Amino acid sequence: MTSFTDTFIRAELVSFARDPGEDNMPQPSSLEHYGDGLLWIKDGHIQAVGHYADLISELPTDSQVLDYRGKLIMPGFIDTHVHYVQLDIMASYGRQLLDWLNDYTFPEECRFANHAHAEALSNAFLDEMLRAGTTTAQVFGSSHPGSVDAFFTACQKRQLRMLVGKVLMDRNAPDALMDGTSGIADTERLIEDWHGKQRLGYSVTPRFAPTSTKTQMDAAGALLRNDPTLWLQTHLAENSGELDWVAELFPGSRDYLSVYEQAGLVGPRSTFAHGIHLDNGMRKRLAERGANIAFCPSSNLFLGSGLFDREAAQETGMAYTYASDIGAGTDLSGFGTLKSAYQVGQLRGQPLTAWQGFYGLTHGNAKALSLDNHVGQLAPSYEADFVVIDPQATSLLKRRTQHCTTLGERLFALMMLADDRAIYETWAGGRCQHRRD
Ligand code: GUN
Ligand code: ZN
């Protein structure tokens with residue numbers, strides 16, 4: 001039975017059922033590819049996916065099929081680490097992490113005490129994300145609880161699947177940003193109001209060890225113990241100055257990761273941004289706990305933080321995800337994140353295939369965030385969050401993709417050359433929420 005909410009789209013479809021691993025040519029077995037496919041959407045979910053020729057007979061005769069032949073549909077992109085409150089300081093010139101935080105980030109985040117500003121930026125940020133094809137993200141607010149209320153409200157209106165948290169920071173920051181003892185109480189109130197509502201989830205968010213006291217981190221750990229459905233996001237081992245500072249602040253700690261372990265912050269729903277300066281011991285401990293590192297390549301290049309070691313992650317079984325880390329990142333687009341990841345990989349002798357990249361951006365990121373029962377694949381019963389990609393969006397893309405003879409080549413050209421102009425439409429919750437002008 002079809003209903004008035006059914007939508008049918010004819011296009012090329014690309015999705016990954018599993019991690020393609022090192023399986024490269026010509027197409028990995030985990031790939032689900034329909035050159036002339038049909039996507040059937042019903043009540044915000046995917047009802048069926050398959051070859052157009054196979055499915056067309058199942059549709060009622062008067063069904064309207066959107067004809068997107070020449071375009072390519074993939075699951076919506078997922079960004080596992082991003083700061084919505086830093087949208088307006090992207091591309092602030094030339095400092096490494098700690099100076100960049102003091103000079104640009106903290107002054108900017110002070111503006112989020114103003115609720116109207118938080119509302120405006122929440123909407124501006126979501127517009128930009130959808131324009132870039134990102135439908136789900138794990139997001140830092142500022143330390144003001146209102147910044148998270150504003151963001152959740154904006155996501156709720158658009159029916160997006162999003163994880164968000166209020167930054168906890170009770171030391172080593174401007175007075176206007178420190179939350180003192182109210183930080184945990186505000187977090188509890190936000191969890192009560194928002195966690196598990198519609199498609200929204202709460203991510204407990206101590207900024208990083210230097211700006212939270214041990215008392216605050218322990219209290220954050222207690223929240224996670226009380227409710228294992230909560231997420232955790234913070235930063236770890238991004239920059240050498242940061243490492244020295246953590247060693248000074250926590251002289252009794254065996255290493256940086258152990259500061260978080262002692263507070264009970266390392267678990268299967270924990271994302272640690274960066275993880276550049278880790279040893280294999282720390283990588284294995286993260287792997288044992290099922291935590292993931294958010295690899296933020298454009299941010300790491302922009303702040304000169306270092307080159308993430310994907311091979312060491314694979315060898316030690318440590319999960320990693322792909323993220324923009326706006327505002328230190330320079331690209332909201334998932335294509336841009338993969339391009340930077342490829343470049344970082346080249347400098348390490350670890351090139352990234354398009355299969356690995358697009359799997360990571362979709363199913364891989366969903367899996368690491370424990371959202372893989374909901375999003376990240378084009379498959380029946382999944383939420384209908386997807387992007388319609390136009391491989392001929394620019395004259396250059398048109399020239400380049402015309403010369404591609406395989407899907408692998410075409411996806412690689414998109415990964416290196418595409419940007420938000422190649423996102424023709426972004427759908428979330430079964431609705432088209434962005435169409436390119
Ligand atoms: N470490 C602590 N806070 C931040 C932040 O806002 N951005 C980045 N890149 N690293 C951090
Ligand atoms: Zn960050």
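Parameters at a glance
Residues numbered from 1 in each chain as written. Chains lettered and ligands numbered in written order. Predicted model: local features only at pLDDT ≥ 70, side-chain atom pairs only at ≥ 80, totals over all residues. Heavy atoms only, no water. UniProt positions renumbered as here; feature names shortened; annotations may be inferred. Near = heavy atom within 4 Å. Polar contact = N/O pair within 3.5 Å; in protein donor to acceptor, adjacent residues only side chain to side chain. Areas by Shrake-Rupley, 256 points an atom, 1.4 Å probe, with all protein chains shown as cover. Helix = DSSP H or I, 4+ residues; strand = E, 2+ residues; numbered from the N terminus. Nonpolar A, V, L, I, M, F, W, Y, C, P; charged D, E, K, R; others polar. Salt bridge = Lys/Arg side-chain N within 4 Å of Asp/Glu carboxyl O. Buried < 20%, exposed > 50% of the residue type's maximum accessible area, 1.4 Å probe, protein only. Patch = residues over 30% accessible without salt bridge, like charges linked within 9 Å, V, L, I, M, F, W, Y side chains within 5 Å. Lys, Arg positive; Asp, Glu negative; His and termini not counted. Charge placed at Lys NZ, Arg CZ, Asp CG, Glu CD. Core = buried A, V, L, I, M, F, W, Y, C linked by side-chain atoms within 4.5 Å. Contact = heavy atoms within 4.5 Å. Phe/Tyr/Trp six-rings, centres within 6.5 Å; stacked < 30°, edge-to-face > 60°. Lys NZ or Arg CZ within 6 Å of the ring centre and 35° of its normal. Pairing = 2+ DSSP bridges. Axes fitted to C-alpha atoms, helices over the stretch in contact; angles between N-to-C directions. Donors = N, O, S within 2.8 Å, 3.2 Å for Na, K, Ca; no water. Tetrahedral: all angles 85-135°; square planar, octahedral: opposite > 155°, others 65-115°. Parallel < 35°, antiparallel > 145°, perpendicular 65-115°, else oblique. Expected span 1.5 Å × (residues − 1).

An unreviewed UniProt entry annotates the chain as Guanine deaminase of Vreelandella lionensis. Here is the UniProt Function (unreviewed entry) comment for the chain, exactly as written: "Catalyzes the hydrolytic deamination of guanine, producing xanthine and ammonia." UniProt annotates the chain under Pathway (unreviewed entry) with the comment "Purine metabolism; guanine degradation; xanthine from guanine: step 1/1."

## Overview of the site of ligand 1
Within the structure, ligand 1 sits among His-83, Gln-86, Leu-97, Trp-100, Leu-101, Arg-207, Phe-208, His-235, Glu-238, His-274, Asp-325 and Ala-328. Between ligand 1 and the protein, one listed contact pairs an oxygen atom with a side-chain N or O atom of Arg-207 at 2.7 Å. One nitrogen or oxygen atom from the side chain of Glu-238 is found 2.7 Å from a nitrogen atom belonging to ligand 1. In the complex, 100% of the free accessible area of ligand 1, which totals 280 Å², lies under the protein chains. The leading source of residues in the shell around ligand 1 is helix α2 (residues 97-110), at three residues. Class assignment for the residues of the shell around ligand 1 results in five nonpolar, four polar and three charged.

## Some thoughts on the pattern of salt bridges
Under the counting rule described, the total for this entry stands at 23 salt bridges. Here Lys-42 makes a salt bridge to Asp-6, at a shortest N to O gap of 3.4 Å. Of this pair, Lys-42 sits in strand β2 (residues 31-42) while Asp-6 sits in the segment before β1 (7-16), and the two are 36 residues apart along the sequence. A relative accessible area of 12% means that Asp-6 is categorised as buried. Here Arg-285 makes a salt bridge to Glu-261, at a shortest N to O gap of 2.8 Å. In this pair, Arg-285 is assigned in helix α9 (residues 280-289) and Glu-261 in helix α8 (residues 256-262), connecting sequence segments 24 residues apart. Each member of the pair, Arg-285 as well as Glu-261, carries the same accessibility label: buried. One connected set of salt bridges, linked through shared partners, spans Arg-161, Arg-199, Glu-383 and Asp-385.

## Some remarks on a negative patch on the surface
Where like charges cluster on the molecular surface, the negative patch consists of Asp-19, Glu-22, Glu-311 and Glu-315. On the secondary structure map, Glu-311 appears in helix α11 (residues 310-316).

## Describing the nonpolar core
In this structure, Met-162, Leu-236, Tyr-260, Leu-286, Phe-358 and Leu-411 are the most contacted members of the largest nonpolar core, which totals 105 residues. Sequence-distant contacts of Tyr-260, defined by excluding residues within four places in its chain, comprise Phe-208, Ala-209, Met-217, Thr-234, His-235, Leu-236, Leu-265, Val-266 and Phe-272.

## Things to note about the packing of aromatic side chains
In this structure the tally under the stated criterion is 22 aromatic pairs. Arranged with centres 6.3 Å apart and planes meeting at 40°, the rings of Phe-77 and Phe-358 form a pair that is tilted. Within this pair, whereas Phe-77 is found in strand β5 (residues 77-83), its partner Phe-358 is found in helix α13 (residues 354-368), the two being separated by 281 residues in sequence. Here Phe-77 matches Phe-358 in class, with each residue buried. By the ring-pair criterion, three or more aromatic residues cluster together here, those being Tyr-84, Phe-112, Phe-125 and Phe-151. The ring of Tyr-424 is capped by Lys-71, whose NZ or CZ atom sits 4.5 Å from the centre of that ring. Note that Arg-269 overlies the ring of Trp-231, its terminal NZ or CZ placed 4.3 Å from the centroid.

## Topic: the sheet that holds strand β4 (residues 65-75)
Across the sheet, seven strands lie side by side as β3-β2-β1-β4-β14-β15-β16; this open sheet has mixed pairing. Pairing within the sheet leaves two strands with one partner each, and these edge strands are β3 (45-51) and β16 (431-435). In this sheet, neighbouring strand axes are inclined to one another by 35° on average, regardless of whether the strands run parallel or antiparallel.

## Examining the coordination of the zinc ion (ligand 2)
Of the protein atoms, only His-81 (NE2), His-83 (NE2), His-235 (NE2) and Asp-325 (OD) coordinate the zinc ion (ligand 2), at distances of 2.0 to 2.3 Å. Geometry at the zinc ion (ligand 2) is irregular, judged from the four donor atoms that bind it and their angles of 88 to 163° at the metal. Spacing between the donor residues of the zinc ion (ligand 2) along their common chain follows H-x1-H-x151-H-x89-D. Here His-81 and His-83 have matching classes, each one buried.

## Some details on the packing of helix α12 (residues 334-347) against helix α15 (residues 407-417)
At a minimum axis separation of 7 Å, α12 and α15 run at an interaxial angle of 95°. The angle between α12 and α15 places the two elements in the roughly perpendicular class. On α15, the residues touching Phe-335, Leu-338, Lys-339 and Tyr-342 of α12 are Phe-412, Leu-414, Met-415 and Met-416.

## Describing helix α3 (residues 115-131)
Spanning 17 residues, α3 covers 24 Å between terminal C-alpha atoms, matching the ideal 24 Å at 1.5 Å per step. If you check which residues of α3 are buried, you get His-117, Ala-118, Leu-121, Ser-122, Phe-125, Leu-126, Met-129 and Leu-130. Taking the backbone nitrogen of Ala-116 as reference, a side-chain oxygen 2.8 Å away marks Asn-114 as the first, capping residue of α3. The positive-phi residue at the C-terminal boundary of α3 is Gly-133, with phi of around 90°.

## A word on the UniProt feature "domain: Amidohydrolase-related" (unreviewed entry) in the chain
Mapped onto the present numbering, the UniProt feature "domain: Amidohydrolase-related" (unreviewed entry) falls on residues 73-431. Across residues 73-431, the secondary structure splits into 44% helix and 17% strand, with the terminal C-alpha atoms separated by 14 Å.

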